[in-house]
There are 4 protein chains.
Amino acid sequence: MMLCFENDYSEGAHEEVLKRLVETNMEQLPGYGTDRYTQAAKEKIRAACGCPDADIYFLTGGTQTNQAVISSMLDTCEGVVAAETGHIGTHEAGAIEWAGHKVLTLPQEEGKLSADVLEEYLSGFYRDANHEHMVFPGMVYISHPTEYGTLYTKGELAELSAVCAGYNIPLYLDGARLGYALAAPQTDVTLRDVAEYCDVFYIGGTKSGALCGEAVVFPKENTPRHFVTKIKQRGALLAKGRLTGVQFDALFTDGLYLKIGKNAIDTAEELKRALREKGYEFYIESPTNQIFVVLEDTQIERLREQAAFSFWEKMDEKHTVVRFATSWATKMEDVEKLAALL
Amino acid sequence: MMLCFENDYSEGAHEEVLKRLVETNMEQLPGYGTDRYTQAAKEKIRAACGCPDADIYFLTGGTQTNQAVISSMLDTCEGVVAAETGHIGTHEAGAIEWAGHKVLTLPQEEGKLSADVLEEYLSGFYRDANHEHMVFPGMVYISHPTEYGTLYTKGELAELSAVCAGYNIPLYLDGARLGYALAAPQTDVTLRDVAEYCDVFYIGGTKSGALCGEAVVFPKENTPRHFVTKIKQRGALLAKGRLTGVQFDALFTDGLYLKIGKNAIDTAEELKRALREKGYEFYIESPTNQIFVVLEDTQIERLREQAAFSFWEKMDEKHTVVRFATSWATKMEDVEKLAALL
Amino acid sequence: MMLCFENDYSEGAHEEVLKRLVETNMEQLPGYGTDRYTQAAKEKIRAACGCPDADIYFLTGGTQTNQAVISSMLDTCEGVVAAETGHIGTHEAGAIEWAGHKVLTLPQEEGKLSADVLEEYLSGFYRDANHEHMVFPGMVYISHPTEYGTLYTKGELAELSAVCAGYNIPLYLDGARLGYALAAPQTDVTLRDVAEYCDVFYIGGTKSGALCGEAVVFPKENTPRHFVTKIKQRGALLAKGRLTGVQFDALFTDGLYLKIGKNAIDTAEELKRALREKGYEFYIESPTNQIFVVLEDTQIERLREQAAFSFWEKMDEKHTVVRFATSWATKMEDVEKLAALL
Amino acid sequence: MMLCFENDYSEGAHEEVLKRLVETNMEQLPGYGTDRYTQAAKEKIRAACGCPDADIYFLTGGTQTNQAVISSMLDTCEGVVAAETGHIGTHEAGAIEWAGHKVLTLPQEEGKLSADVLEEYLSGFYRDANHEHMVFPGMVYISHPTEYGTLYTKGELAELSAVCAGYNIPLYLDGARLGYALAAPQTDVTLRDVAEYCDVFYIGGTKSGALCGEAVVFPKENTPRHFVTKIKQRGALLAKGRLTGVQFDALFTDGLYLKIGKNAIDTAEELKRALREKGYEFYIESPTNQIFVVLEDTQIERLREQAAFSFWEKMDEKHTVVRFATSWATKMEDVEKLAALL
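Presented here is a report on the structure given in the accompanying data block.

So, how was this worked out
- Residues numbered from 1 in each chain as written.
- Chains lettered and ligands numbered in written order.
- Predicted model: local features only at pLDDT ≥ 70, side-chain atom pairs only at ≥ 80, totals over all residues.
- Heavy atoms only, no water.
- Helix = DSSP H or I, 4+ residues; strand = E, 2+ residues; numbered from the N terminus.
- Buried < 20%, exposed > 50% of the residue type's maximum accessible area, 1.4 Å probe, protein only.
- Contact = heavy atoms within 4.5 Å.
- Areas by Shrake-Rupley, 256 points an atom, 1.4 Å probe, with all protein chains shown as cover.
- Lys, Arg positive; Asp, Glu negative; His and termini not counted.
- Charge placed at Lys NZ, Arg CZ, Asp CG, Glu CD.
- Least-squares fit on C-alpha atoms with pLDDT ≥ 70 in both.
- Pairing = 2+ DSSP bridges.
- Axes fitted to C-alpha atoms, helices over the stretch in contact; angles between N-to-C directions.
- Parallel < 35°, antiparallel > 145°, perpendicular 65-115°, else oblique.
- Left-handed = near helix turned anticlockwise from the far one by under 90°.
- Nonpolar A, V, L, I, M, F, W, Y, C, P; charged D, E, K, R; others polar.
- Buried area = accessible area lost by both parts, 1.4 Å probe.
- Salt bridge = Lys/Arg side-chain N within 4 Å of Asp/Glu carboxyl O.

1. Brief notes about the overall build of chain A
Along its length, chain A carries 14 helices and 13 strands. Expressed along its principal axes, the backbone C-alpha trace of chain A runs to roughly 60 × 55 × 35 Å. When each of the 342 residues of chain A is scored for burial, the buried share is 67%. Pairs at least 24 apart in sequence give 71% of the contacts found in chain A among residues at least 6 apart. Working note: accessible area of chain A is about 12,100 Å², and carbon and sulfur atoms make up 49% of it. The distance from the centre of the 33 positive side-chain charges to the centre of the 51 negative ones in chain A is 6 Å.

2. Focus on the relation of the copies chain B and chain C
The transform that puts chain B on chain C rotates by 180° and translates by 0.0 Å along the axis, for an RMSD of 0.0 Å. On this basis, the relationship between the two copies can be described by a two-fold rotation axis. Of the residues that chain B buries at the interface, 100% are likewise interface residues in chain C, meaning the two copies contact each other through the same surface.

3. Topic: the pairing of strand S3 (residues 78–83) of chain B
Remark: a regular strand shows side chains that alternate across the two faces of the sheet. All names here are of chain B. When you tally the buried positions in S3, you get 6 out of 6 residues, the bulk of the element. Where S3 meets strand S5 (residues 136–143), 5 bridges bridge the pair, whose relative direction is parallel. Paired with Val-80 across the two strands is Met-139, which belongs to S5. Judged from the 4 bridges that link them, S3 and strand S4 (residues 103–106) form a sheet pairing that is parallel. From the neighbouring strand, Ala-82 faces S4, where its bridge partner is Thr-105.

4. Considerations on the packing of helix H2 (residues 36–49) of chain A against helix H11 (residues 242–251) of chain A
All names here are of chain A. Remark: H2 packs on H11, axes separated minimally by 7 Å, with the N-to-C direction vectors making an angle of 40°. Compared by their axis directions, H2 and H11 come out oblique. With respect to the hand of their crossing, H2 and H11 are arranged in left-handed fashion. Taking contact as the criterion, the partners of Tyr-37, Thr-38, Ala-40, Ala-41, Lys-44 and Ile-45 in H2 are, on H11, Arg-242, Gly-245, Val-246, Phe-248 and Asp-249. When the residues that make up the contact of H2 with H11 are grouped by side-chain class, the tally is 6 nonpolar, 2 polar and 3 charged.

5. Quick notes on the environment of Ala-308 of chain C
As for its placement among the helices and strands, Ala-308 of chain C is situated in strand S11 (residues 307–308). Put simply, Ala-308 of chain C and Thr-63 of chain C are 245 residues apart on the chain and 24 Å apart in space, counted from C-alpha to C-alpha.

6. Some points on the sheet that holds strand S5 (residues 136–143) of chain D
All names here are of chain D. The 7 strands lie next to each other as S2-S8-S7-S6-S5-S3-S4, forming an open sheet whose pairing is mixed. Each end of this open sheet is capped by a strand with a single partner; those strands are strand S2 (55–59) and strand S4 (103–106). Pairs of neighbouring strands in the sheet enclose a mean axial angle of 25°, with direction left out of account. The pairing of strand S6 (residues 171–175) with strand S7 (residues 200–204) spans 4 bridges and is parallel. By the bridge assignment for S7, Leu-173 is matched with Phe-201.

7. Some remarks on the interface of chain B and chain C
Taken residue by residue, the interface counts 17 residues in chain B and 17 residues in chain C. Taking both partners together, chain B and chain C bury about 1,400 Å²; carbon and sulfur atoms supply 52% of that area. It is His-91, Glu-97 and Lys-102 of chain B that lose the most area in chain B upon contact with chain C, and together they represent 34% of the buried surface on that side. Linking chain B with chain C are 2 salt bridges, by the criterion used here.

Below you can see the structure in the form of structure tokens.
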């Protein structure tokens, strides 16, 4: 039996989520997100965000959500600013460009975009004379956790938010793995903080216990006009909106979303402890559910026979960075088995 | 308790489909459609189509599928030809135009595009001198059943196919409700016929027993290059490909997809019989699961209190066309109750 | 020697326009429309329009201008409403769709869109329930003269303007041949009226004495943000902005633009008089420089040996509609020679 | 009187070019590039390229040409590879992204993309496992001269061409200033070499003696289908094709295009000699008509009163890189005056 640490979307839905899908399955509900479960999910998310007036929409996946949000908020001559490691600029197959917009990349540190780097870029852009022939920065994209599993602090989010406000452009947070960020012991960022500092963000379901689904939140009465039509136009409106509605209703009942996150963090912490103990070199110190470690190539070959994990990048001739990912579904016993193999 | 005839996507998934989702839920599977259930589903669909080499992809919804297929197959200066009632030109929020292509509309009869009308348009286009300043017809789109529930005959499909072949453009069939077409007693069109006469088509799941999901079939080794990347680029690639894979695996096991269709047809036939008996005027003679009837406005008001159905269009000052839709989930007893109310 | 009535862009530039290009040729001027001739041209157009605050931009051709204006003013889920004969929907190779927007076509009469038809469509759109899945009407496009050479009256423009204002969408006038509209004896529409009733329009140069160039006018402080950048992004910003600036400066000096139009009208009137006298059937009564006449096919063949004109459409088995176009450059003696041949 | 070294498009057209525009002005010619001057220009360019079968199209400006060529040759999921200083990725306002494609940037040296860097990127792309979620490299873009005025050698072009051929993607050369490249004394690259090593390129007119106009050359029977329609669709087809046809006919008569280039080079060489003599530091050694020099900020202020030149970038607190550009129109006496001021 293979030990699976390849990613955080290997299983289906969390049992509570699945149970609710089963229980509500034969209810006759109106389509396109007008059903009562979708409404209930929205209410629960509003409460969790501390934003009673937030506008919320459910989409199916991360790339789709990024494309719909970004292309609905940018003017045609604007691009979206992102760290050069940002998912939208690297592994979304050009979804943003297909929608007509440039991803304007900036240097990053451990996957994070700093307020200083952002401010320097924006002030430079507006200081230089010839920006009329350049793409205007119309939005800032960050991911939390980042593609390296790292986290922004509350202070860093506040700073980024202030820079964006200074240039009157929205700050957008990609929360594909937000559940794992919120559950990290080191973080001082709550969901309410995200809602306070960001102009739009999404709460990822696909990687946190749902079969599919991401919840886009506009916390500040800043929803783009006709956003439902724009979702439809981008092929992203589910006829059976219940599919995402019921799942998010379950995820935001009794704090399940945070609980789910905690399991991923606890198992990741245990795995990191074991790796540290055995003297492995970490490629990056990630406080969330993605662990980047340097392994010898020969060891990788052996390990592959009993465990699944991801190739990240070549380190040198004999070493490779690999990623182990835990999730809401990871069992502690599997972590122990993996540790024993290492 | 409301009688629900509003559409064919009011319930969740067929119980067999849901059961398979539940049974496979905790299996650890690779992502993006590389899992074994997705592979099995493809094999079963190939068998059902009689196309052992067909290339198959699973997407989430109809508009998304139309956008992905059409924009992946057209050259930039080409448009897609459709009946003026075609779904892509009317109720998909401009998804095709957003992807850069014009929908070239032709006159229709009961929602159908005839080979004659198509041939006349195409021959005219290439006869006229100034087509260099016009959008080139690059594909033909039909829906089966049409937006009015009507069906092409095998002969009509063959003719359309021949016209398309004559101009070297693909024929694309939107099968959002294909299950209900195949189950209609009047039809002489089988799934194998669809695969023979069309260059690309999709088998609709959302309206036929799945929570979501459409299966795109390229029967003739004519898949666009890098189609997975194009799906991803359009925001349409599910991380948990199992969601659609498991469902279509179930739908194409033991002929479930056709069985599901039959329930919709049987209940629709019974409702039509009752309506006919009571002397109602049919707006169109639909052989599938959508019934278009003319009702008095006063009657509509009364009926609305106990049954849900769709407004279609105003007929005259006192009459309105409404649509009753049955589905895989419709119960014969609900049809009887509705008939009693009418 | 061939008599040329094929179109109104057969010659180069009007001699006054060319003269100014020659005179200013070696002056060293800044690029991208920041030169003094471009500024002077803008001032003269503002004066001619009676709009001291109008914002003006010069582009190269009609399709380019339509694409830049429409795609800069529409929201992503909006389309542009046009008569079904409108140039943007027929002979611009899908330029609007390539930019992501649908052309929403309405019935026309002699190429004109009526306020009633527009009002009926718009009120219907907002009355119906399901418009969330449809393309929103975001702008109205008319051409003046129309593609059939016909003209709106001042009253008709006022009505269209009022309907647009009622739905808060801009009215856009394509003035590719505006010079010929303004010079028509039957018209009661002045350039000031156009500027009053339209939210944006362009004054065509290519067909009225310029080598190239169209002047886009935003009369109401409603220029899209970063419009220069949007022009650049659409490949429509000339490095040597002087090319259009000098030409429009010449065209709007001493009323040249209107004088130019008058020659086209005078020669067209003479040709129409001769055709009428000889008993020819007019396909449409056009008050401007395009004349649509029904000819016998045998006559067309003979005439083609000595005169160039345009095929318009087949009338019946033996007759064809052809178009004779006059222009700023048409000589009265050529009209007389053509009349003698007819 | 200001000395103008700001750019190479400050004057109108070369006198020979203008003369031909004047001489042919009142000839009645068919539109859209079907006139005899356009045909003659094409023949002359074919001869100059040594490609009797080359397919040639005239567009108006550089950004427009890049957008039309790149978006007509790429598949939807492909991007164009360019040096990070490439014009398409920096100063074209996102024209490529607006057309749906990503600019994939690679490190450069003095504005040049090396075959090694390209090969490493391409081999890496196809070696890595997860490229299905990434933008495919579908074309390589280089500019010659580059944005820094530097030149590829014949050997370097051959190497880039071989790498592209190895991956079956076209090599596209942006020749906005090609005339100045061909006239540089250090170069071993001829127009025939460009036609041999590139799959598509354009010969710039706007910066080399034309009022506007770029000639796109497909030397290898590889013109995209319906390219005229694609040009029209992108708003780039001139009604009066004569405007570019006549100009390129003149530019390619009696070697004018190369002669024009030589003046720019001779004046640039003289300016460089003077600068070197006076001990100025060159930011980059450019063999063409753009000279990048480091000046003290105080000196810049003084110089600005008598000469126009371009700010390039800040060097340090007290120094700035500026650009002096010569052109076909630069007078040697102005160079001497400028040298005297320095």
